[in-house]
Amino acid sequence: MCGGVRESGTTLFSVDLGHGVVVVRNVPASVCSQCGEALLDDETAGELERIVDDARAHKRQAEVVEMG
Ligand SMILES: [Zn+2]
């Protein structure tokens, strides 16, 4: 929280699962104009959780998902 102005935009989400990585592009987020910090709403966070769970279940080495 740097006090910058938040604007709606998109961000890149990535997570390392150990056996592989998941990258989600074009994630809708509220992005700080000053530091670039992105905040996700609950719906988007839940969607990301499903994507990560799916990738974990299938043990894919690399998963790139486009959102929105
Ligand atoms: Zn900021």
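Our subject is the structure that appears above.
Residues numbered from 1 in each chain as written. Predicted model: local features only at pLDDT ≥ 70, side-chain atom pairs only at ≥ 80, totals over all residues. Heavy atoms only, no water.

### Remarks on the side chain of Glu-63
Applied cut-off: Helix and strand definitions follow DSSP, with helices as H or I runs of at least four residues and strands as E runs of at least two, each counted in order from the N terminus. Burial classes follow relative accessibility: with a 1.4 Å probe on protein chains only, a residue under 20% of its type's maximum area counts as buried, one over 50% as exposed, and anything between as partly exposed. Pairing of N or O atoms within 3.5 Å defines a polar contact, subject to two protein rules: one partner must be a possible hydrogen donor and the other a possible acceptor, and residues neighboring in sequence count only if both atoms are side-chain atoms. Pairs of residues are marked as contacts when any of their non-hydrogen atoms sit within 4.5 Å.
Of note, Glu-63 is situated in strand 4 (residues 62-66). Judged by its relative accessible area of 14%, Glu-63 is buried. Among the polar contacts listed, one links the side chain of Glu-63 to the side chain of Arg-60, at a separation of 2.5 Å. Among all residues touching Glu-63, those that are not within four sequence positions of it are Val-21, Val-22, Val-23 and Ala-55.

### Brief notes about the coordination of the zinc ion
Note the following rule: Coordinating N, O and S atoms are those within 2.8 Å of the metal (3.2 Å for Na, K and Ca), and as water is not part of the atoms, a site may appear to have fewer donors than expected.
For the zinc ion, the full set of protein donor atoms is Cys-2 (SG), Cys-32 (SG) and Cys-35 (SG), and the range of their distances to it is 2.1 to 2.3 Å. Look at where the donors of the zinc ion fall in the sequence and you get C-x29-C-x2-C. One end of the pair, Cys-2, is in the segment before strand 1 (6-16); the other, Cys-35, is in the loop between strand 2 (21-32) and strand 3 (38-39), with 33 residues separating them in the sequence. Cys-35 gets classed as partly exposed once you look at its relative accessible area, which sits at 48%.

### Comments concerning the pairing of strand 2
Under the convention used in this document: Paired strands, in this sense, are two strands between which DSSP finds at least two bridges.
As paired elements, strand 1 and strand 2 share ten bridges and run antiparallel to each other. Within strand 2, the position partnered with Phe-13 by the bridge is Val-24. Pairing between strand 2 and strand 3: two bridges, direction antiparallel. Directly across from Val-31, in strand 3, lies its bridge partner Ala-38. The loop that links strand 2 with its antiparallel partner strand 3 comprises five residues; one of these, Gly-36, has a positive phi angle of about 85 degrees.

### What to know about the pattern of salt bridges
As a reminder, the rule being used: Salt bridges, as used here, are contacts in which a Lys or Arg side-chain nitrogen is within 4 Å of a carboxyl oxygen on Asp or Glu.
Tallying each qualifying case throughout the model produces six salt bridges. For Glu-66, the salt bridge identified is with Arg-25, shortest N-O distance 3.6 Å. Separated by 41 residues along the polypeptide, Glu-66 in strand 4 and Arg-25 in strand 2 bring together distant segments of the chain. For Arg-25, a relative accessible area of 43% corresponds to the partly exposed category. Glu-47 is the salt-bridge partner of Arg-50, the closest N and O atoms lying 2.9 Å from each other. Within this pair, Arg-50 and its partner Glu-47 are both found in helix 1 (residues 42-58), separated by three residues, close to a single helical turn. When its relative accessible area of 53% is taken as the criterion, Arg-50 is described as exposed.

Purely geometric stuff here, so don't read any function into it on its own.
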